[in-house]
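# Observations on the model geometry
Chain by chain, the residues:
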Amino acid sequence: MLAVPGMAPLLGVSLIARTAITADVMALTLFVVLGLKLNYAAAGGVAAALTAGVALGGPLLGRMIDSRGLRLVLLVTVTVQVVFWLGVPILPYGLLLVASFVAGLLMVPAQALSRQAIAAMTTPTQRRAAFALESVQGELSYIVGPAVVILGAATVSPEVVAWGVGAAILAGGVGIAVLNPPLHAEGEADAAAAERPPRRRWLSGTMVAALIMAFGTTTLLSGVDLAIVATLREAGQVSWAAVVVVVFGVSSVIGGLIYGALTRPLPTWLLLGLLGLVTIPAGLAHDWPWLCVAVVGSGLLTAPTLARVADAVSGLAPPAVRGEVIGLQSSAQSAGFALGSPLVGVAIDLSAPAGGFATAGLAGLTAAVIGYLLARRSPARTAVSHHAGPTDLGYRVFGTSGRSPTGELETE
C-alpha cells in the first residue's frame, strides 16, 4: 500500500516503544495492587499522575524537539524512563506517585516523533495511507501491550514486568535515535530554521477544531472500554471482555487498512460523527457474542478517525513549530483518555451500562459538531508547508481567503 524509504524501520522501532508505553498504566496498576498490596484507588492515583504528566509534557517536549532536535530529546527522555522503571520495584507509594508524574512529563515521544517524521517523509498522495498505517500501529500496540503485561504479571511478577516495560521503551527510543528520521521535508529547512511564528498565527479556529476532535475521539474510545467491562460485568461475563476488546482492535486495524487504500479522504468531523453514531446503539447488546458484533462498526471507524486527526494537525502546523503542535495533539488525546472513563462511569452509575455507550458516543458526536462549526467559522488558510494539500476539516484551501474561485467555501 505504501513504499516510502525508511518508513518500515521507523514504524517497526516505534511500535516497540509505543507498545510498552501503551502498557505502562497497566504495569503500574498491577504493581501497586499485586506488588505493594494496595487497593485499586491507590493504583488509580499512580495512573492519574502518569497520565497528567504525559498530557502536560506533550507540547513541552514538542517545543524541545523543534529547538534542540530529535536525539537530545530522546537522550533525556530515554534516560529518565530507564531510571524510573528500574526504580519502580523499590519505590514506596508516595515516591512512586511523584516519580510517575515526572516519568509521564518526560515520556519518550515515540508517537509524536513518528507523526512528525511521516509528515516530512511523505508526499500529499502518500500521507493519508501513511497515517492510516500509523493508526493501525497504534491499535496493534493496544492489543498486544496490556495483554503481555497482564500475562507477565500473572506468570512471573509485576516487578519483572516493570523492568520489561523499561527495556522495551529503551529499545524503541534508541532505535528511533539511530534511525534519526527527518522531521522536516525537503524545502522546509529554511522555514523550520526561521523565527518561531507567534501562537496567534497558527492556533487558529481550524487548529482548535482539530484538537477538539482529537480530544473527542479518545474520550469516546476510553469510555467504550469501560462500557464494555460494565456491560459484561452485569451479564456475569466479565472474563470475556478481553475477547470483545480484541475484536474491537482487529476491526480498527481492518478499518485503517481499508481507509489507507481509499482514493478520496473523508472529513474528520464526518468520520468522528459517524463513529459517535455507531457507538450509541452498542449498548443494546447484553452478552459477549452480540457485543462483539456491536463494536465492529465502532472499530472500523476508529483507526480512520485517528489517522485523519493526525493528518489534519500535521498539515496545519508550520514547520518551525510542528513538534509543539503535534505535542498539543498528544496532550489533547491524553486528556480525552483521562476524561472518558470517569465521564462514562458516572453515566453508568446513574443509569445502566447502555448509558455508558450512549455517553461515549454523544461525546464523540458533540466534538464532531463543535469541530465542524469552528472550522466553518474560521477562515481557511493557505497550507502551512509546501507539501500540504487541502485540510481535512471540511474545506479545500484556495489561497488565504479560503474561498473557491466562485467565492464559495467548498466542502470535501
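Whatever comes next refers back to the structure up there.
Parameters and conventions
Counting from 1, residues in each chain are numbered in the order their sequence is written. Totals for whole chains, interfaces and linings use every residue, but because this is a predicted model, local features are given only for residues with pLDDT of at least 70 and side-chain atom pairs only at 80 or more, for both listing and counting. Side-chain descriptors were evaluated using all non-hydrogen atoms of the structure, hydrogens and water having been removed beforehand. Put simply, DSSP H or I for four residues or longer makes a helix, DSSP E for two residues or longer makes a strand, and each gets a number counted from the N terminus. Only protein chains enter the calculation, and the probe is 1.4 Å; a residue is then buried if its accessible area is under 20% of its type maximum, exposed if over 50%, and partly exposed in between. Take the buried residues of types Ala, Val, Leu, Ile, Met, Phe, Trp, Tyr and Cys, join any two whose side-chain atoms come within 4.5 Å, and each joined set is a nonpolar core. Contact between two residues is taken to exist if any of their heavy atoms lie within 4.5 Å; hydrogens are not considered. Classification of ring pairs rests on two measures: the distance between centres of Phe, Tyr or Trp rings, Trp counted by its six-membered ring, which must be within 6.5 Å, and the angle between planes, read as stacked under 30 degrees, edge-to-face over 60 and tilted in between. Just to be clear on terms, a salt bridge is a Lys or Arg side-chain nitrogen sitting within 4 Å of an Asp or Glu carboxyl oxygen. For patch detection, residues must exceed 30% relative accessible area and be free of salt bridges, and they are connected within 9 Å for like charges or within 5 Å for nonpolar side chains (Val, Leu, Ile, Met, Phe, Trp, Tyr). Only the protein chains shown count as cover for residues, with accessible areas throughout obtained via the Shrake-Rupley method and a probe of 1.4 Å.

### Notes on unusual backbone geometry
The phi dihedral of Lys37 falls on the positive side, at around 60°, and the residue is not glycine. Assignment of secondary structure puts Lys37 in the loop between α2 (24-35) and α3 (40-68). With a relative accessible area of 65%, Lys37 lands in the exposed category. One non-glycine residue with positive phi stands out, namely Asn180, at about 45°. In this fold, Asn180 is placed in the loop between α8 (158-179) and α9 (189-193). Looking at Asn180, the relative accessible area reads 35%, which means it is partly exposed.

### Concerning the nonpolar core
Grouped burial of nonpolar side chains is what soluble globular proteins tend to show. Ranked by internal contacts, the top residues of the largest apolar core, which has 51 residues, are Leu28, Trp85, Val88, Leu96, Val165 and Ile169. At seven residues, the largest contribution of residues to this core is made by helix α1 (residues 7-22). Filtering out sequence-adjacent residues up to four positions away, Leu96 remains in contact with Leu28, Phe31, Val32, Leu36, Val46, Phe84, Val88 and Leu91. Ranked by size, the runner-up nonpolar core spans 30 residues in total, among them Val224, Val244, Tyr259 and Ile348.

### Observations concerning the packing of aromatic side chains
Counted by the stated rule, this structure contains four aromatic pairs. Measuring from centroid to centroid gives 5.0 Å for Phe84 and Trp85, while their planes differ by 75°, and the two rings are edge-to-face. Assessed through its relative accessible area of 6%, Phe84 is described here as buried. Owing to a relative accessible area of 1%, Trp85 belongs among the buried residues under this scheme. Both rings, one in Tyr142 and one in Phe337, keep their centres 6.1 Å apart while their planes meet at 35°; by these two values the pair is tilted. With Tyr142 in helix α7 (residues 124-155) and Phe337 in helix α15 (residues 322-350), the pair connects residues that are 195 residues apart, well separated along the chain. Take Tyr142: its relative accessible area is 40%, and that puts it in the partly exposed class.

### Describing the pattern of salt bridges
Within the structure shown, the criterion is met by four salt bridges. Among the salt bridges present, the one from Arg18 reaches Glu134, with a minimum N-O distance of 2.7 Å. Placement of the pair is Arg18 in helix α1 and Glu134 in helix α7, with a sequence separation of 116 residues. In this structure, the salt-bridge partner of Arg115 is Glu134, at a minimum N-O distance of 3.3 Å. Linking Arg115 in helix α6 (residues 110-121) with Glu134 in helix α7, this pair joins segments that are 19 residues apart in sequence.

### Let's talk about the environment of Val278
Along the chain, Val278 falls in helix α13 (residues 268-279). Once the C-alpha coordinates of Val278 and Val295 are considered, the two residues, 17 residues apart in sequence, prove to be 8.4 Å apart. Apart from residues no more than four positions distant in its own chain, Val278 is found in contact with Gly297, Ser298 and Leu301.

### Quick word on a nonpolar patch on the surface
There is a patch of nonpolar side chains on the surface, built from Val246, Val250, Ile254, Ile258, Leu262 and Leu300 and spanning about 450 Å² of accessible area. When residues of the nonpolar patch are assigned to their parent elements, the largest contribution, four residues, is made by helix α12 (residues 241-261). Within the secondary structure layout, Val246 lies in helix α12. For Val246, a relative accessible area of 39% translates into the label partly exposed.

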